[in-house]
Amino acid sequence: FLLIKNLLVSEFFIFHFIFQFCRTISTKYVQASDMRPITVLEDTLNYLLSLLESKEHLFEVVHDFVFDRTRSIRQDITMQNIVNKKAIYMYEGMV
């Protein structure tokens, strides 16, 4: 399911950092290269939240897409044990 059909070049790179939520059984098999740094998570969140203003798609469709992808962001923050003001700010934006 591809929500965004016509990606600009800058959006193309952002799109590669938008991960679908995947329930992990254990962090034992997660590699460091699979984790997105907090700055990438923040940029991804800002991009996802901007999609909520889309008039091109039904709100319900966009909401479901954004909800799933923000779950992935929350998962990354939790698995990396990021506890700082930036993480709190991001959590507030996702709720």
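Draft legend 1. Representation of the overall build of the protein chain in the model. The number of helices and strands found in the protein chain is four helices and zero strands. In the protein chain, which comprises 95 residues, the share counted as buried stands at 31%. Considering only contacts in the protein chain between residues 6 or more positions apart, those separated by 24 or more positions represent 66%. For the protein chain, the computed accessible surface area is about 6,900 Å², with 59% contributed by carbon and sulfur atoms.

Draft legend 2. How the structure looks around the nonpolar core. Counting residues in each nonpolar core, the largest one holds 15 residues, and the members touching the most others are L48, L51, V66, I73, I77, M90 and M94. Secondary-structure elements contributing two or more residues to this core are α2 (38–51), α3 (59–79) and α4 (85–94). It is α2 that provides the largest number of residues to this core, a total of six residues. Discounting residues that sit within four places of it in the chain, M94 has contacts with L45, T70, I73, R74 and I77.

Draft legend 3. Quick look at α3. In a regular helix each residue adds 1.5 Å, so 21 residues correspond to 30 Å; α3 covers 30 Å between its end C-alpha atoms and thus fits that length. Regarding α3, the residues found buried are V62, F65, V66, D68, R69, T70, S72, I73, Q75, D76 and I77. Residues of α3 that are buried in the fold lie against α2 and α4.

Draft legend 4. Quick look at α2. A rise of 1.5 Å per residue sets the reference length of α2, with its 14 residues, at 20 Å; its end C-alpha atoms lie 20 Å apart and thus fit the reference within 8%. Here α2 has its buried residues at I38, V40, L41, E42, T44, L45, Y47, L48 and L51.

Draft legend 5. Representation of unusual backbone geometry in the model. With a phi angle near 55 degrees, N81 is a residue other than glycine that sits in the positive phi range. Following the sequence through the fold, N81 ends up in the loop between α3 and α4.

Draft legend 6. Examining the packing of α2 against α3 more closely. Where α2 meets α3, the axes come as close as 10 Å, and the angle between the chain directions of the two elements is 165 degrees. Here α2 is positioned roughly antiparallel relative to α3, judged by the angle of their axes. Once α2 is placed against α3, the crossing between them reads as left-handed. The segment α2 lies against α3, with L41, T44, L45, L48 and L51 engaging V62, F65, V66, R69, T70, I73, D76 and I77. Residue composition of the contact of α2 with α3, grouped by class: nine nonpolar, two polar and two charged.

What counts and how
Residues numbered from 1 in each chain as written. Predicted model: local features only at pLDDT ≥ 70, side-chain atom pairs only at ≥ 80, totals over all residues. Heavy atoms only, no water. Helix = DSSP H or I, 4+ residues; strand = E, 2+ residues; numbered from the N terminus. Buried < 20%, exposed > 50% of the residue type's maximum accessible area, 1.4 Å probe, protein only. Contact = heavy atoms within 4.5 Å. Areas by Shrake-Rupley, 256 points an atom, 1.4 Å probe, with all protein chains shown as cover. Core = buried A, V, L, I, M, F, W, Y, C linked by side-chain atoms within 4.5 Å. Expected span 1.5 Å × (residues − 1). Axes fitted to C-alpha atoms, helices over the stretch in contact; angles between N-to-C directions. Parallel < 35°, antiparallel > 145°, perpendicular 65-115°, else oblique. Left-handed = near helix turned anticlockwise from the far one by under 90°. Nonpolar A, V, L, I, M, F, W, Y, C, P; charged D, E, K, R; others polar.

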